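Residue-level structure breakdown
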Amino acid sequence: MNSTVDNWLPRLVRRLDSLDIGDWTRSDVDRVLAELGWSIDVEDAGLLRTDLPGGRAGLGTDLDDGPVLSVPIPDGTDLRAAWSLVQEVLGRPTLRGGPGPWLRWRSEDTTIRLDARSIDLLPTERFEMTELRTFAHDPDACPYLWCISDGDQFLPGDRPVDDWDELARRLGTTVAGLISDLPALGELPVTLSVHGRVSEPDEEPATCYFKFGERGLRLEVPADPWPERVEALTALGWTPPSGEWITALTDDTFDWVTTPEGSASFAAEPGADAELAAHLAVGALKDLGLTPQGLSYRVGREGESLSAHLPSVGIAR
């Protein structure tokens, strides 16, 4: 990150975090602008004159015509480095998600949002109500593909899916977003597991693991309960068991990997295509007689469960 951003971004965040914007009325915003020493551009009411690099910020009305302060981030800024600078001031973000990716630091009255384009100051209640309405009333739009929450942050509900093809499409889109976003935030490694009960409640569920690491995506399906279904899985695109370590698979090749302990799993090497991985995972679960309504997911890393929300996938958390 360049020294200019190093100098002004932490200072800006401290100023934004210390503001009391009251009820976020226009008079409240005018008062805060005066405190900051910023003014509305006389030729463009959507722009602000500031003491920041470039001399401009935005005064938007994206949330039901309510005001939003938006400060552009210079082109080429490393989001991960910017996150580190902001985190030194505000602590760990309350929420991080994508596509984007983006980060949020939430308080009862205001939310500070950072992505690669801007750092925004938003009215928390109005911003979250806008997201809730989007979830409730627009079946084709989700405000985000994925989100990880720290603490007891409320997250909207999911849109159930009852069709396997639609589940594969949604899952592929979400997995592609995670492949793109997680490295930028330094969240790796992370594992998304999709699972369902095959028979008795006390038996281990059938599970597909999407493992996101520094080298990309790795897909794993434990051999149990699939050992009698090799022919069906081969027809889906899996390669039958080799009984040996697989050390040199191409990006779009899937095989059965035997671990040193003798257990086995289907796997895709890092870099596997998200759409293909979703298709193979959904096909394997469908072959066991499961239904989309009987599936759920979990997101975590070794030794840690993450409070994650994948709203567009359409299966239960």
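This one's a predicted model, so the numbers in the text were calculated from it and none came from an experiment. (Residues numbered from 1 in each chain as written. Predicted model: local features only at pLDDT ≥ 70, side-chain atom pairs only at ≥ 80, totals over all residues. Heavy atoms only, no water.)

**Regarding the packing of aromatic side chains**
- One pass over the full model with this rule turns up 1 aromatic pair.
- Stacked on the ring of Trp102, the Lys or Arg Arg104 has its end atom at 4.1 Å from the ring centre. (Phe/Tyr/Trp six-rings, centres within 6.5 Å; stacked < 30°, edge-to-face > 60°. Lys NZ or Arg CZ within 6 Å of the ring centre and 35° of its normal.)

**Digging into helix α5 (residues 164–185)**
- In a regular helix each residue adds 1.5 Å, so 22 residues correspond to 32 Å; α5 covers 31 Å between its end C-alpha atoms and thus fits that length.
- Roughly 25° is the biggest bend found in α5, and it falls at Ile179, with proline Pro183 one to four residues downstream.
- Two or three places before Asp165, at the start of α5, stands the capping residue Asp163, its side-chain oxygen 3.1 Å from that residue's backbone nitrogen.
- Remark: Gly186 follows α5 within two positions and exhibits a positive phi of approximately 70°. (Helix = DSSP H or I, 4+ residues; strand = E, 2+ residues; numbered from the N terminus. Expected span 1.5 Å × (residues − 1). Bend = angle between axes of the 7 residues up to and from the residue. Polar contact = N/O pair within 3.5 Å; in protein donor to acceptor, adjacent residues only side chain to side chain.)

**Re the environment of Phe127**
- In this structure, Phe127 sits in helix α4 (residues 124–137).
- Between the C-alpha atom of Phe127 and that of Val68, which follows or precedes it by 59 residues, the distance is 9.6 Å.

**Concerning the pattern of salt bridges**
- With the rule as written, the count across this model stands at 11 salt bridges.
- Taking the shortest distance from any N to any O, the salt bridge between Asp30 and Arg26 comes out at 3.3 Å. With Asp30 and Arg26 both in helix α2 (residues 26–36) and 4 residues apart, the pair spans about one turn of that helix.
- Each of Asp28, Arg31 and Glu35 takes part in one network of salt bridges that share partners. (Salt bridge = Lys/Arg side-chain N within 4 Å of Asp/Glu carboxyl O.)

**Side note on empty space enclosed by the protein**
- All chains considered together, the criterion is met by 1 cavity of 30 Å³ or more.
- The calculated volume of the largest cavity comes to roughly 60 Å³.
- Around the largest cavity sit Trp146, Ile148, Leu178, Leu182, Val190, Leu192, Val299, Ala308 and Leu310, which together line it.
- Those elements that place two or more of their residues in the lining of the largest cavity are β9 (146–149), α5 and β10 (190–196).
- Residue composition of the lining of the largest cavity, by class: 9 nonpolar, no polar and no charged. (1 Å grid on protein atoms, 1.4 Å probe; cavity = no way out; pocket = protein on both sides within 12 Å on 5 of 7 lines; lining within 4 Å. Points joined across faces, edges and corners; volume = space filled by probe spheres on them. Nonpolar A, V, L, I, M, F, W, Y, C, P; charged D, E, K, R; others polar.)

**What to know about the pairing of strand β15 (residues 295–301)**
- Counting buried residues in β15 gives 5 out of 7 residues, a clear majority hidden from the surface.
- For β10 and β15, the ladder comprises 6 bridges, and the chain directions are antiparallel. In the strand pairing of β15, Thr191 is matched with Gly300.
- As paired strands, β15 and strand β16 (residues 304–309) are joined by 3 bridges and run antiparallel to one another. When the sheet's bridge partners are listed, Val299 is paired in β16 with Leu306.
- In sequence, β15 turns back onto β16 through a hairpin of 2 residues, with Gly303 there showing a positive phi of about 75°. (Buried < 20%, exposed > 50% of the residue type's maximum accessible area, 1.4 Å probe, protein only. Pairing = 2+ DSSP bridges.)

Such coordinate-based values are descriptive only and should not be taken to indicate function.
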